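This is what each chain is made of:
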Amino acid sequence: MTSARKRCTVLLTFDFDAESSKVAKGLTSPTPISQGQYGARVGLPRILKLLAQYEIKATIFIPGWTAERYPDLVRQIQAEGHEIGHHGYTHVTPVTLSREEEREQLTKGFAALNQVASVRPKGYRSPAWDLSNHSIDLFKEFGFEYESSLMGDDFQLYRIGTEDGSPGLVEIPISWILDDFVHFEIVENGVGLANPASVYEIWAGEFDGAYAEEGVFCLTMHPQVIGRYPRIRMLEKLIQYMRGHAGVEFTTCAEAVAAWRKNNPTGTN
Ligand SMILES: [Zn+2]
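Definitions and limits used
- Residues numbered from 1 in each chain as written.
- Predicted model: local features only at pLDDT ≥ 70, side-chain atom pairs only at ≥ 80, totals over all residues.
- Heavy atoms only, no water.
- Buried < 20%, exposed > 50% of the residue type's maximum accessible area, 1.4 Å probe, protein only.
- Helix = DSSP H or I, 4+ residues; strand = E, 2+ residues; numbered from the N terminus.
- Pairing = 2+ DSSP bridges.
- Donors = N, O, S within 2.8 Å, 3.2 Å for Na, K, Ca; no water.
- Tetrahedral: all angles 85-135°; square planar, octahedral: opposite > 155°, others 65-115°.
- Phe/Tyr/Trp six-rings, centres within 6.5 Å; stacked < 30°, edge-to-face > 60°.
- Lys NZ or Arg CZ within 6 Å of the ring centre and 35° of its normal.
- Expected span 1.5 Å × (residues − 1).
- Contact = heavy atoms within 4.5 Å.
- Polar contact = N/O pair within 3.5 Å; in protein donor to acceptor, adjacent residues only side chain to side chain.

### Quick word on the pairing of strand E2 (residues 59-62)
So, step 1. Neither face of E2 is open: one carries Thr 59 and Phe 61, the other Ile 60 and Ile 62, and all of them are buried.
So, step 2. Where E2 and strand E3 (residues 83-86) come together, four bridges link them in parallel fashion. In the sheet register, Ile 60 faces E3, and the bridge partner there is Ile 84.

See below:
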C-alpha cells in the first residue's frame, strides 16, 4: 500500500445467495439447487482465500435463509474480518411484497444473522436489486446506515430518503455492468458466459473512471458465478491492476460510508 493520498476506494462486494436465489424463483429441482450449493461449497472458499492472500476486507451480503443453512461459513466470514450485510430473508424481491411482508423479511433477516453470528448489519442490498415504495421508509425505521440497490450514480456515493427532512441514508450505487451475473450467467439472445478476459477489460475500464474521478469502484459478485477458477484468476488480476495505482484503498462498505459521511456531514448530495 502506498502512502500517497487516497484517490479511489475499491469495494469488493459479494452476495452470498447459495440456493436462496433459486428457491425464490421456484427452481427447486436438484440441478439449480446444486448450482446454488456450488457457491457455498466451492465459490466462497475460493473467494475467502483470495481476499486473505491480498489482505482485503470485503462486504458480503447474506440472506437470513442462507445464513441459517451455512452458519459455519457466515462465522468464518465474520472471523476473517469481512463486513456482513443484510440481503433479505428468503431472497424475494421487495417489489412483490406488502409493507408488512417486507418488514417481516427485514426482521427475520436480522434475527438469522444475529442468531448465527451475533451481528447486526449496517447496510442492505436488495435481492434482485429492486426496492419497493416502502423500502426506504423501512430502512430508516430499522436504522440502516446505507443501502446498495440503486443506480443513480456510478463512482460517487449519495444520500437518499432525505425528502422528509431526515438525514436519510447513504446510497452505494450499483450497476449491471459491474455485476458478474450479467456477464457470466445470463444466457439469452446470444449474450452470457463471457470470456473472463473480456469482463476484465470492462471492469478495468470502469475502475479507470473511478480512479480518474476520485470516486468509488464497487463490484457486485456472487460466489456461484465468480467462484469458477478462471474467473477468480481474472478477479485476482484486476486486484493486482488496481493495487498498481497510487492511493487506492480497498475497504468495506460500512467504512467507506463512515468516511463519506465525515466529508459530507450535511446536505442533499
Ligand atoms: Zn442475491
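### A closer look at the coordination of the zinc ion
So, step 1. The coordination sphere of the zinc ion, as far as protein atoms go, consists of Asp 17 (OD), Asp 17 (OD), His 87 (NE2) and His 91 (NE2), spread over 2.1 to 2.6 Å.
So, step 2. Geometry at the zinc ion is irregular, judged from its four donor atoms and the angles of 54 to 140 degrees they form at the metal.
So, step 3. The sequence pattern formed by the donor residues of the zinc ion is D-x69-H-x3-H. With Asp 17 in the loop between strand E1 (8-15) and helix H1 (20-24) and His 91 in the loop between E3 and helix H5 (99-117), this residue pair connects regions lying 74 residues apart in the sequence.
So, step 4. Overall, His 91 belongs to the buried group, its relative accessible area being 12%.

### Things to note about the packing of aromatic side chains
So, step 1. Taken as a whole and judged by the stated rule, the model has eleven aromatic pairs.
So, step 2. Ring geometry for Tyr 200 versus Tyr 241: centroids 6.4 Å apart, planes at 65 degrees, classification edge-to-face. Of this pair, Tyr 200 sits in helix H8 (residues 196-212) while Tyr 241 is found in helix H10 (residues 229-243), placing the two residues 41 residues apart along the sequence.
So, step 3. In this structure Tyr 200 comes out as buried when scored by relative accessible area, which is 13%.
So, step 4. Under the relative-accessibility criterion, Tyr 241 is labelled partly exposed at 28%.
So, step 5. Seen from their ring centres, Phe 207 and Tyr 241 are 5.9 Å apart, and the 75 degrees between their planes marks the pair as edge-to-face. Taken together, the residues span a long stretch of sequence, with Phe 207 in helix H8 and Tyr 241 in helix H10 at a distance of 34 residues.
So, step 6. Joined through ring pairs, the aromatic side chains of Phe 110, Tyr 124, Phe 139, Phe 142 and Phe 144 make up one cluster.
So, step 7. When the ring centre of Phe 250 is taken as origin, the NZ or CZ atom of Arg 243, which lies over that ring, is 5.3 Å away.

### Remarks on H8
Residues spaced three or four apart along an α-helix face the same direction, because each turn holds 3.6 residues.
So, step 1. End to end, H8 covers 24 Å across 17 residues, agreeing with the expected 24 Å (1.5 Å per residue, within 8%).
So, step 2. Considered for burial, the residues of H8 that qualify are Pro 196, Val 199, Tyr 200, Trp 203, Ala 204, Glu 206, Phe 207, Gly 209, Ala 210 and Tyr 211.
So, step 3. As for H8, its buried residues are in contact with E1, helix H7 (180-184), strand E8 (216-221), helix H9 (223-226), H10 and strand E9 (248-250).
So, step 4. Its side-chain oxygen at 2.9 Å from the backbone nitrogen of Ala 197, Asn 195 defines the N-terminal cap of H8.
So, step 5. Once H8 finishes, Glu 214 follows within two positions and takes phi at roughly 55 degrees, a positive value.

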